[in-house]
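Structural overview for review
The chain contents come next:
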Amino acid sequence: MAKYFISFLILLSFTNSWALKPDKNYIAKPEDLSLRYTTNTITTFDGYALHSWTIQPDPANDKKTTLILTYGDSGNMSYWLNQAWVASNNGYTVVLFDYRGFGQSQDFTINNDYLYYNEFVTDLEAVIQWTKTKNKNNKTGIWAFSMGTIMTNMALQKQSVDFVIAEGLVFDPSAIAAKIKQAKDKTILLPDTNFNIQKLSSTIRCPYLLFAGKQDKMTTVADSKLFSEMATNRELIEFDGNHLEGFAKLSQGDFGTTYMQKINSFIQR
């Protein structure tokens, strides 16, 4: 098991690319971590086939709560099997999926200079609807990372969930593009979307838990704090780390233990 944790953490560190870098190859499968799971195909409203794994908890420890994990701008869902492993051990059902053009989901032409595509929002909308139909749990929430928080806040304009957990919240995609231009002299393209976080936020009623790294220069603590203050049912947890390092930093002995304790407490409330 340790070898998987090490390799996954190293690979995860390369996913902070801030431009689209889909990986068609899975670095592991759920059976490599002895996970109970099913493989599913989810069809989007515009006809794309998405590859998905549903990771199932031990029935004796089942919290009857589903987490839909939506990741950032690179890799594929296999890069997040460690998080799914820990969450399922904590009694959660975890739905992993790949955006179109990622992993074994249907091919989609991607310009790697883009930060995201609006079509990924359509993908998440379909996954939310499929999950709520197929998994008859008491609660369904989204667990969003980095670019996945863009997809989440946009998808929740049409779909609803019981809660959201987000790490590395993207407050303003154009600000991210400007930071990358300044730091790397790289031009990041954005889809033709009027992304207004305040307008999006005003329509989201469900509880929202945010994790933010104090050393994160791209998706800052300040950004997450601003978003958390837009509604009374939002909670911000700061950790001493960089972008998407929360799971590793909020650990006590075992990987992600403190992180999951925060999630457990949030969902129980």
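The residue count restarts for each chain, going from 1 along the sequence in the order it is written. It should be noted that, the model being predicted, local features are given only for residues of pLDDT at least 70 and side-chain atom pairs only at 80 or more, the latter also being counted only at that level, while totals for whole chains, interfaces and linings use all residues. Note that the side-chain values use all heavy atoms of the structure and ignore hydrogens as well as water.

**Some thoughts on the packing of aromatic side chains**
For any pair of aromatic rings, geometry is given as the distance between the ring centres together with the angle between the planes. Short version of the rule: Aromatic rings from Phe, Tyr and Trp, with only the six-membered ring used for Trp, were paired whenever their centres fell within 6.5 Å, and each pair was classed as stacked if the ring planes differed by under 30 degrees, edge-to-face if by over 60, and tilted otherwise. Secondary structure follows DSSP: runs of H or I at least 4 residues long count as helices, runs of E at least 2 residues long count as strands, and numbering of each begins at the N terminus. Relative accessible area decides the class of each residue, using a 1.4 Å probe on protein chains only: under 20% of the type maximum gives buried, over 50% gives exposed, and in between gives partly exposed. Lysine NZ or arginine CZ positioned within 6 Å of the ring centre and within 35 degrees of the ring normal marks a charge as sitting over the ring.
The full count for this structure, using the stated rule, is 22 aromatic pairs. Between tyrosine 26 and tryptophan 53 the ring centres are 5.0 Å apart and the planes differ by 55 degrees, which places this aromatic pair in the tilted class. In this pair, tyrosine 26 is assigned in the loop between strand 1 (21-22) and strand 2 (36-43) and tryptophan 53 in strand 3 (residues 49-56), connecting sequence segments 27 residues apart. By relative accessible area, tyrosine 26 is classed as buried at 15%. Classification of tryptophan 53 as buried rests on a relative accessible area of 2%. Relative to phenylalanine 108, the ring of tyrosine 48 has its centre 5.9 Å away and its plane inclined at 85 degrees; by these criteria the two rings are edge-to-face. Taken as a pair, tyrosine 48 in the loop between strand 2 and strand 3 and phenylalanine 108 in the loop between strand 6 (93-97) and helix 3 (118-134) lie far apart in primary sequence, 60 residues in all. Among the residues examined, phenylalanine 108 registers a relative accessible area of 19% and is labelled buried. Taking the ring centre of tyrosine 92 as reference, the NZ or CZ of lysine 63 above it sits at 5.2 Å.

**Focus on the sheet that holds strand 4 (residues 65-70)**
We apply this condition: Strand pairing is defined by DSSP finding a minimum of two bridges between the two strands. Only C-alpha atoms enter the line fits that serve as axes; for helices the fit covers just the stretch in contact. Angles between N-to-C directions range over 0 to 180 degrees.
In spatial order, the strands read 2-3-6-4-7-8-9-10; together these eight strands make up an open sheet with mixed pairing. In this open sheet, the two strands that pair with only one neighbour each are strand 2 and strand 10 (234-239). Across this sheet, the average inter-strand angle for adjacent strands is 20 degrees, counted without regard to direction. Of the strand pairs in this sheet, strand 3 and strand 6 are connected by four bridges, and their pairing is antiparallel. In the sheet register, isoleucine 55 faces strand 6, and the bridge partner there is valine 94.

**With respect to helix 7 (residues 221-228)**
The test is simple: Summarising the geometry, the arc corresponds to the directions from the helix axis toward the C-beta atoms. In what follows, residue pairs with any heavy atoms lying within 4.5 Å of each other are defined as contacts.
Buried residues of helix 7: Val221, Asp223, Ser224, Phe227 and Ser228, and no others. One face of helix 7 carries all of its buried residues, which in axial projection span an arc of 160 degrees. In the core, the buried residues of helix 7 are packed alongside helix 4 (147-155), helix 6 (197-202), strand 9 (208-213) and strand 10.

**Quick word on unusual backbone geometry**
In this model, lysine 64 sits at a positive phi of 55 degrees, which is unusual for a non-glycine residue. Along the chain, lysine 64 turns up in the loop between strand 3 and strand 4. With relative accessibility at 39%, the residue lysine 64 sits in the partly exposed group. The phi angle at leucine 244 is positive, at roughly 60 degrees, despite the residue not being glycine.

**A word on the pairing of strand 8 (residues 163-167)**
Basically, it comes down to this: Here a crossover is taken to be right-handed if, once the strands point away from the viewer, the path from the first strand over the helix to the second is traced clockwise.
Within strand 8, five of the five residues are buried, leaving the element largely enclosed by the surrounding structure. Side chains of strand 8 alternate between two faces, with Phe163, Ile165 and Glu167 and Val164 and Ala166 buried alike. Direction of pairing for strand 7 (residues 139-145) relative to strand 8: parallel, over a ladder of five bridges. Across the sheet, residue alanine 144 finds its bridge partner in strand 8, namely alanine 166. This β-α-β element, strand 7 to helix 4 to strand 8, shows right-handed connectivity.

**A word on the pattern of salt bridges**
Here the idea is simple: oppositely charged side chains can pair when their charged atoms come close. The condition is simple: Take a side-chain nitrogen of Lys or Arg and a carboxyl oxygen of Asp or Glu: if they are within 4 Å of each other, that pair is a salt bridge.
Per the counting criterion, the structure on display carries seven salt bridges. Ionic pairing is found between arginine 100 and aspartate 123, a salt bridge with its closest N-O pair at 2.7 Å. Taken together, the residues span a long stretch of sequence, with arginine 100 in the loop between strand 6 and helix 3 and aspartate 123 in helix 3 at a distance of 23 residues. In this structure, the salt-bridge partner of lysine 181 is aspartate 185, at a minimum N-O distance of 3.2 Å. Using a relative accessible area of 39% as the deciding quantity, one classes lysine 181 as partly exposed. One salt-bridge network, held together by shared partners, links Asp46, Arg100 and Asp123.

Don't take any of this as a statement about function, it's just geometry.
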